[in-house]
Amino acid sequence: MAQLRKKFDGNGNVVLVQKAVGETQGSAEMMLCDSHSLSSLSKNWVESVKSSGRYSSCTWDRAVTVPVVTLDDLISQHGKPAFIKIDIEGYEYEALKGLSQPVGMISLEFTPEFMDSTLKCVEHLSKISSSEFNYCLDDKPTAFVLSQWCSQGQIRERLESMRGKARVGDIYIRSDA
């Protein structure tokens, strides 16, 4: 956060909020990783990525209590964004449960260890509004895999076909907001 404040200090187009995003307001325990980009609120995610071997060399041996806000709260305070990027190490579904209204586009990370959670995210967002889906994979993170956006059922099939494979990527969800 100190680096972000330094970079964006005085920029009226950027609002920095030092809180986690979740289903309800309150607080939560964040497990801190020795690789700072892998800290997480999800104990299940930490256990899954360690046991899969993908991050077996990392340790989560410290924790800190952090304030939690919902996406709906942030929208009511700052307005509806055109785009939300969610990359929060296994806590994506909990964060999306705090969203009850459509947003133009959302991007969220998926991992092989947490595919069921990703499928819940797709289902939740489809209930909020009519949505279309596309995705990128880790080897080409800026290129959509599909030439055309697809339905909830089609993205579900794609994700299911990657189950058990070591593929990581980002799903993009666009809706009429």
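The text that follows walks through the structure, step by step, so that each part is easy to find. (Residues numbered from 1 in each chain as written. Predicted model: local features only at pLDDT ≥ 70, side-chain atom pairs only at ≥ 80, totals over all residues. Heavy atoms only, no water.)

1. Focus on the overall build of the protein chain
For step 1, the next point in the chain: Each helix and strand counted, the protein chain has six helices and seven strands in total.
For step 2, the next point in the chain: Whereas a compact globule of 177 residues would reach a radius of gyration of roughly 16 Å, the protein chain reaches 16 Å, a difference of no more than 12%.
For step 3, the next point in the chain: With the principal axes as the frame, the protein chain shows a C-alpha extent of 40 × 40 × 30 Å.
For step 4, the next point in the chain: Looking at the protein chain residue by residue over its 177 residues, the buried ones come to 42%.
For step 5, the next point in the chain: Contacts in the protein chain between residues at least 24 apart in sequence constitute 66% of all its contacts with a sequence separation of at least 6.
For step 6, the next point in the chain: Roughly 10,000 Å² of accessible area belongs to the protein chain as shown, and the carbon and sulfur atoms make up 46% of that amount.
For step 7, the next point in the chain: For the protein chain, the distance from the average site of its 20 positive side-chain charges to the average site of its 23 negative ones is 2 Å. (Helix = DSSP H or I, 4+ residues; strand = E, 2+ residues; numbered from the N terminus. Rg over C-alpha atoms; globule rule 2.2 N^0.38 Å. Buried < 20%, exposed > 50% of the residue type's maximum accessible area, 1.4 Å probe, protein only. Contact = heavy atoms within 4.5 Å. Areas by Shrake-Rupley, 256 points an atom, 1.4 Å probe, with all protein chains shown as cover. Lys, Arg positive; Asp, Glu negative; His and termini not counted. Charge placed at Lys NZ, Arg CZ, Asp CG, Glu CD.)

2. Some details on the sheet that holds strand β4 (residues 83-86)
For step 1, the next point in the chain: With mixed pairing, the four strands of this open sheet are ordered in space as β4-β5-β7-β6. For this open sheet the edge positions go to β4 and β6 (131-137), each flanked by a neighbour on one side alone. Strand-to-strand twist across the sheet, computed as the mean angle between neighbouring axes with direction ignored, equals 20°.
For step 2, the next point in the chain: On top of the sheet, helix α5 (residues 115-128) reaches β5 (105-110), β6 and β7 (169-175); it is set at about 165° to β5, its chief contact.
For step 3, the next point in the chain: Contacts from helix α6 (residues 152-161) reach β5, β6 and β7 within the one sheet, and its direction differs from that of β6 by about 25°. (Pairing = 2+ DSSP bridges. Axes fitted to C-alpha atoms, helices over the stretch in contact; angles between N-to-C directions.)

3. Observations regarding the environment of Leu41
For step 1, the next point in the chain: Inspection of the secondary structure assignment puts Leu41 in the loop between β2 (26-32) and α2 (43-52).
For step 2, the next point in the chain: For the pair Leu41 and Glu89, spaced 48 residues apart in the sequence, the C-alpha separation amounts to 7.8 Å.

4. Overview of the side chain of Asp72
For step 1, the next point in the chain: Within the fold, Asp72 resides in helix α3 (residues 71-78).
For step 2, the next point in the chain: As a buried residue without a salt bridge, Asp72 has its nearest oppositely charged side chain in Lys80, at a separation of 8.3 Å.
For step 3, the next point in the chain: One polar contact links Asp72 to Ser100, side chain to side chain, over a distance of 2.6 Å. (Salt bridge = Lys/Arg side-chain N within 4 Å of Asp/Glu carboxyl O. Polar contact = N/O pair within 3.5 Å; in protein donor to acceptor, adjacent residues only side chain to side chain.)

5. Things to note about the state of the cysteines
For step 1, the next point in the chain: Counting across every chain of the model gives zero disulfides.
For step 2, the next point in the chain: Of all cysteine sulfurs, the one in Cys58 lies closest to Cys33, which takes part in no disulfide; the gap is 4.2 Å.
For step 3, the next point in the chain: Overall, Cys33 belongs to the buried group, its relative accessible area being 5%. (Disulfide = S-S within 2.5 Å.)

6. A look at the pairing of β6
For step 1, the next point in the chain: Most of β6 sits out of view: six of its seven residues are buried.
For step 2, the next point in the chain: As defined by bridge partners, β6 adjoins β7 across seven bridges and the pair is classed as antiparallel. Within β7, the residue paired with Leu137 across the bridge is Gly169.

7. Focus: the nonpolar core
Looking at soluble globular proteins, one finds that nonpolar side chains tend to be buried together.
For step 1, the next point in the chain: Counting residues in each nonpolar core, the largest one holds 30 residues, and the members touching the most others are Leu96, Ile106 and Leu159.
For step 2, the next point in the chain: Listed by contribution, the elements that provide at least two residues to this core are α3, β4, α4 (92-96), β5, α5, β6, α6 and β7.
For step 3, the next point in the chain: If you tally residues by element for this core, the top one is α5, at five residues.
For step 4, the next point in the chain: Sequence-distant contacts of Ile106, that is, excluding residues within four places in its chain, are made with Phe83, Ile84, Ile86, Leu96, Leu99, Leu125, Ile171, Tyr172 and Ile173. (Core = buried A, V, L, I, M, F, W, Y, C linked by side-chain atoms within 4.5 Å.)

8. Topic: the sheet that holds strand β1 (residues 20-21)
For step 1, the next point in the chain: The mixed open sheet is built from three strands, whose spatial order is β1-β3-β2. One side of each edge strand has no neighbouring strand; the edge strands of this open sheet are β1 and β2.
For step 2, the next point in the chain: The pairing of β1 with strand β3 (residues 62-69) spans two bridges and is classified as parallel. For Ala20, the partnering residue across the bridge sits in β3 and is Val68.

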